[in-house]
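# Reading the structure
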There are 2 protein chains.
Amino acid sequence: MLVLPALLLWLPALADPPGSGPPKRQDTPTLAQILTESKAWEWRRADPQDLLVMRLPSGRVVMELDPVYAPLHVANIRTLVRERYFDGLAIVRVQDGFVAQWDDPQGDDGGDPHKVRSLGKAKATVPPEFTRPIERSLPWVSLPDGDVYAPEVGFSDDFPAARDPAANETWLVHCYGTLAVARDNPPDSGNGSALYVAIGQAPRRLDRNLTVVGRVVEGMEYVSALPRGHGPMGFYADPKERTPILDIRVAADLPQSERPNLEILRSRSPTFQRLLEATRNRHDAFYLTPPGKVDICAVPVPVRDLANP
Amino acid sequence: MLVLPALLLWLPALADPPGSGPPKRQDTPTLAQILTESKAWEWRRADPQDLLVMRLPSGRVVMELDPVYAPLHVANIRTLVRERYFDGLAIVRVQDGFVAQWDDPQGDDGGDPHKVRSLGKAKATVPPEFTRPIERSLPWVSLPDGDVYAPEVGFSDDFPAARDPAANETWLVHCYGTLAVARDNPPDSGNGSALYVAIGQAPRRLDRNLTVVGRVVEGMEYVSALPRGHGPMGFYADPKERTPILDIRVAADLPQSERPNLEILRSRSPTFQRLLEATRNRHDAFYLTPPGKVDICAVPVPVRDLANP
């Protein structure tokens, strides 16, 4: 069988390359093996107040919000969700290699401005949270390999992030699966009623220009495999092509039986460090030339769902 | 309308952000504007001998092969295609954020070894072409912003590439859309009968471990939006989930009317340099903080199809 070893992302596609036999003693352990040996305390339970559960016809997408880097936007998004703002709206744009975006199509070009949905108690404008000051209290796990775009990269509360000590600024970076707030030209025109997820190569040029609010932690494939739009910028030329959003809920508001029970591997944990090292320097029968390095957006941050193990 | 400006990839999603009005004099021109001003000689016509045309039920995928970096594999793949090796085979694996792979399912686990398709005149083993020596005659357009994984990155014949002058080695890098050869553990076990395309964040850890043979230049969305597999490593648990490959042809073997007539913007051209600079340092009403840098895998290499303008 001709294969290519699995790269851990969110999904448990962690098998060894079939046919390669049991790993030899000196082989770098696989990501699956490393995770098997993790301790319970190395996992952080995601706060159900910070989890958004979006139901698409194809499946469930769970996103973790980060109220530390984007407190105002996260609060506004929670309000919108609790107003049922997103229910029945649609994925309006899927641009290949770039982003999938959802919002109120009536607010887009070709929509009917008289039918635009009310934001309810949510704010129409929110001050930009493109960056925030570095503070001692902010968790930070540094990555050792540098970065093309930022002076320093690492993880803050298990979100991929960057910082510029000279400017005393830190920000969440745009990786595959990043959730962020679309906006118009004015920096405060994003309010969370239009959101996008990065579905291709990390669009790092958006860093510090848009507010990142979190990342997809389950069901990314239901976003990344959406049909692409063929209008300008990946908007759907025909409204009938749009994928409807059944609803979005804060996990804490769901009945216990429907609630995802997610745990995220802490980037401060020894297991995360082992996993990072195994990604950087993999020695086994398949990898002849370990990269020796890893890009911030190529680092897996494992998630497990205790409700659906 | 809340939007996010388009990032040029392969598709002509080049519109300005709607609602932002005509660009001001001092604005960085959009990628569409830059391309509009390109000269005919700045485009290279893709050699139809180097174009693979794969027909999936959803649409046509065109891949450009690079016989300079992977001459032996490219020759073997052409032979396989001309033997009709791939016709009626299937996409057997789609691992979210990683790769889509096709091969003969009878050769995979669970297949019937007695039904494995003959390679015909193609070779069963091909020496690895993971890297090649740097030579003066190889075209090279350097990128100025460094790289996490390699000492130098740039473009060689319009393919994203890296090189290590100390080791006198150069190689094509794994970016979104890269086409490469799956293999088993022995380095020469890849022969081109199993191929994969990167569909997520650039899997750069594969660089120098697998033979890159080219990239998707049209129809990437028909690869990237394939349904994900839920078996180990993204293989389909149920064979019925596989997407059939109707056929793969060398473009030169197609009747003129069915042949893609692709032109690739030369990375040595002034227009490419303008485009690169506009990507690195975009100043307009939307971008407040230009990145000032660009990653090798975030550089667009424009393609146009003169047969389907």
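Since the model is a prediction, treat every value here as computed from it, not as a measurement. Counting from 1, residues in each chain are numbered in the order their sequence is written. Working convention: letters from A go to chains and numbers from 1 go to ligands, in the order in which they are written. It should be noted that, the model being predicted, local features are given only for residues of pLDDT at least 70 and side-chain atom pairs only at 80 or more, the latter also being counted only at that level, while totals for whole chains, interfaces and linings use all residues. To obtain the side-chain values, all non-hydrogen atoms of the structure were included, while hydrogens and water were left out.

## Let's talk about the overall build of chain A
The condition that has to hold: The secondary structure listing takes helices from DSSP runs of H or I that are at least 4 residues long and strands from runs of E that are at least 2 residues long, numbered from the N terminus. Values of the radius of gyration come from C-alpha atoms, whereas the globule rule sets the reference at 2.2 Å times the count of residues to the power 0.38. Three labels apply to residues, based on accessible area from a 1.4 Å probe with only protein chains included: buried if under 20% of the type maximum, exposed if over 50%, partly exposed otherwise in between. Here, two residues are considered to be in contact whenever any of their heavy atoms come within 4.5 Å of each other.
Scanning chain A for helices and strands turns up 4 helices and 17 strands. Relative to a compact globule of 309 residues, whose C-alpha radius of gyration would be 19 Å, chain A shows 20 Å and is just as compact. Going through the 309 residues of chain A one by one, you find that 62% of them count as buried. Of the contacts formed within chain A by residues at least 6 apart in sequence, a portion of 71% connects residues at least 24 apart.

## What about the sheet that holds strand 6 (residues 132-133) of chain A?
Residue and element names in this part refer to chain A. Cut-off, in case you're wondering: Criterion used throughout: strands pair if DSSP finds at least two bridges between them.
The 5 strands are arranged 6-10-9-8-7 in an open sheet whose pairing can be described as antiparallel. With partners counted over all chains shown, the strands left at the sheet margins are strand 6 and strand 7 (141-142), one partner each. As defined by bridge partners, strand 6 adjoins strand 10 (residues 169-172) across 2 bridges and the pair is classed as antiparallel. Bridge assignment links Pro 133 to a residue of strand 10, and that residue is Glu 169.

## As for helix 4 (residues 270-280) of chain A
Residue pairs spaced three or four apart in an α-helix point in one direction, given the helix's 3.6 residues per turn. For helix 4 of chain A, every residue scored as buried is listed here: A:Thr271, A:Phe272, A:Leu275, A:Leu276, A:Ala278, A:Thr279 and A:Arg280. The elements touched by buried residues of helix 4 of chain A are helix 1 (31-36), strand 8 (152-156) and strand 16 (262-265) of chain A.

## Some remarks on the confidence of the model for chain A
Residues and elements named next belong to chain A. Our working rule: Each residue carries a pLDDT score, the predictor's confidence in it, ranging from 0 to 100.
Counting all residues, the mean pLDDT for chain A is 91, and 92% of those residues have values of 70 or more. Of the regions scoring below 50 in pLDDT, residues 6-21 engages in 48 contacts with residues more than four places distant in sequence or in other chains. ipTM for the predicted complex: 0.92, alongside a pTM of 0.93.

## Quick look at the state of the cysteines
Residues and elements named next belong to chain A. Just so we agree on the cut-off: Disulfide assignment relies on a single distance test, namely cysteine sulfur atoms paired within 2.5 Å.
Counting across every chain of the model gives 2 disulfides over all chains. Each disulfide pairs two cysteine sulfurs, and for Cys 175 the partner residue is Cys 297, the sulfurs being separated by 2.0 Å. Between Cys 175 and Cys 297, the S-S dihedral sits near -75°, and the bridge is therefore left-handed. Placement of the pair is Cys 175 in the loop between strand 10 and strand 11 (178-181) and Cys 297 in the loop between helix 4 and strand 17 (303-305), with a sequence separation of 122 residues. Given the relative accessible area of 10%, Cys 297 is considered buried.

## Some remarks on the side chain of A:Gln101
Residues and elements named next belong to chain A. Basically, it comes down to this: Distance and chemistry together define a polar contact, namely a pair of N or O atoms within 3.5 Å, with one atom able to donate a hydrogen and the other to accept it when in protein, and with adjacent residues in sequence counting only for side-chain atoms on both sides.
Relative to the elements of secondary structure, Gln 101 occurs in strand 5 (residues 99-103). Taking the relative accessible area as the measure of exposure, Gln 101 reaches 0% and is therefore buried. There is a polar contact of 3.2 Å between the side chain of Gln 101 and the side chain of Asp 103.

## Side note on the pattern of salt bridges
Let me state the cut-off plainly: Salt-bridge detection follows one rule: a side-chain nitrogen of Lys or Arg within 4 Å of a carboxyl oxygen of Asp or Glu.
The full count for this structure, using the stated rule, is 36 salt bridges over all chains. Each of A:Arg44, A:Glu64 and A:Asp158 takes part in a single network of salt bridges with overlapping partners.

## Digging into the sheet that holds strand 7 (residues 141-142) of chain B
Strand pairs in the sheet, formed through backbone hydrogen bonds, run parallel or antiparallel to each other. Residue and element names in this part refer to chain B. If you trace the 5 strands from one edge of the open sheet to the other, you get 6-10-9-8-7, paired in antiparallel fashion. Of all the strands in the sheet, the pair left with one neighbour each is strand 6 (132-133) and strand 7. Pairing of strand 7 with strand 8 (residues 152-156), which is carried by 2 bridges, proceeds in the antiparallel orientation. If you follow Ser 142 over to strand 8, its bridge partner there is Gly 154.

## Thoughts on the environment of A:Val216
Checked against the element boundaries, A:Val216 lands in strand 13 (residues 211-218). The sequence separation of A:Val216 and A:Gly177 amounts to 39 residues, and the corresponding C-alpha distance is 5.2 Å.

## A look at the environment of B:Asp188
Looking at the element boundaries, B:Asp188 is found in the loop between strand 11 (178-181) and strand 12 (195-198). Placed 60 residues apart in sequence, B:Asp188 and B:Pro128 show a C-alpha to C-alpha distance of 5.3 Å.

## Here we look at the packing of aromatic side chains
Put simply, the test is: To pair, rings of Phe, Tyr and Trp, with the six-membered ring standing in for Trp, must have centres within 6.5 Å; the planes then decide the type, stacked if under 30 degrees apart, edge-to-face if over 60, and tilted in the middle. Counting as a charge over the ring demands two things of the Lys NZ or Arg CZ atom: a distance within 6 Å of the ring centre and an angle within 35 degrees of the ring normal.
The tally for this structure, following the rule as stated, stands at 6 aromatic pairs over all chains. In this structure, A:Arg304 is placed above the aromatic ring of A:Trp43, and the distance from its NZ or CZ to the ring centre is 4.0 Å.

## With respect to the pairing of strand 9 (residues 159-164) of chain A
All names here are of chain A. Here strand 9 lies mainly inside the structure; 5 of its 6 residues are buried. Here strand 8 runs beside strand 9; their pairing, made up of 5 bridges, is antiparallel. Bridged to Gly 154 within strand 9 is Ala 161. Linking strand 8 back to strand 9 in an antiparallel pair, the connection comprises 2 residues, with Asp 157 at a positive phi of about 50°. Sheet topology places strand 9 next to strand 10; 4 bridges connect them, and they run antiparallel. Along strand 10, the bridge assignment pairs Ala 161 with Leu 172. A loop of 4 residues connects strand 9 with strand 10, the two strands running antiparallel in sequence, and Asn 168 in this loop sits at a positive phi of about 50°.

## Here we look at unusual backbone geometry
Working note: non-glycine residues mostly have negative phi, and peptide bonds are mostly trans. All names here are of chain B. In this structure, Arg 84 is a non-glycine residue whose phi angle is positive, near 60°. Here Asp 158, not a glycine, exhibits a phi torsion of approximately 75°, which is positive. By secondary structure assignment, the location of Asp 158 is in the loop between strand 8 and strand 9 (159-164).

## Thoughts on the environment of B:Leu143
All names here are of chain B. If you trace the backbone, Leu 143 turns up in the loop between strand 7 and strand 8. Taking the C-alpha atoms as reference, Leu 143 lies 9.5 Å from Lys 293; in sequence the two are 150 residues apart. Beyond its immediate sequence surroundings of up to four residues, Leu 143 is in contact with Val 153, Gly 154, Phe 155, Leu 276, Val 294, Asp 295, Ile 296 and Val 299.

## Section: helix 2 (residues 71-82) of chain A
All names here are of chain A. To keep things clear, this is the line we draw: For a helix, the expected span equals 1.5 Å multiplied by the number of residues minus one.
Between the first and last C-alpha of helix 2 there are 16 Å, a value that for 12 residues agrees with the 16 Å anticipated at 1.5 Å per step. Where helix 2 is concerned, the buried positions are His 73, Val 74, Asn 76, Ile 77, Arg 78, Leu 80 and Val 81. Looking at the buried side of helix 2, the elements it contacts are strand 2 (51-56), strand 3 (59-65), strand 11, strand 12 (195-198), strand 13 and strand 15 (247-250). Directly beyond the C-terminal end of helix 2, a positive phi value near 65° is found at Arg 84.

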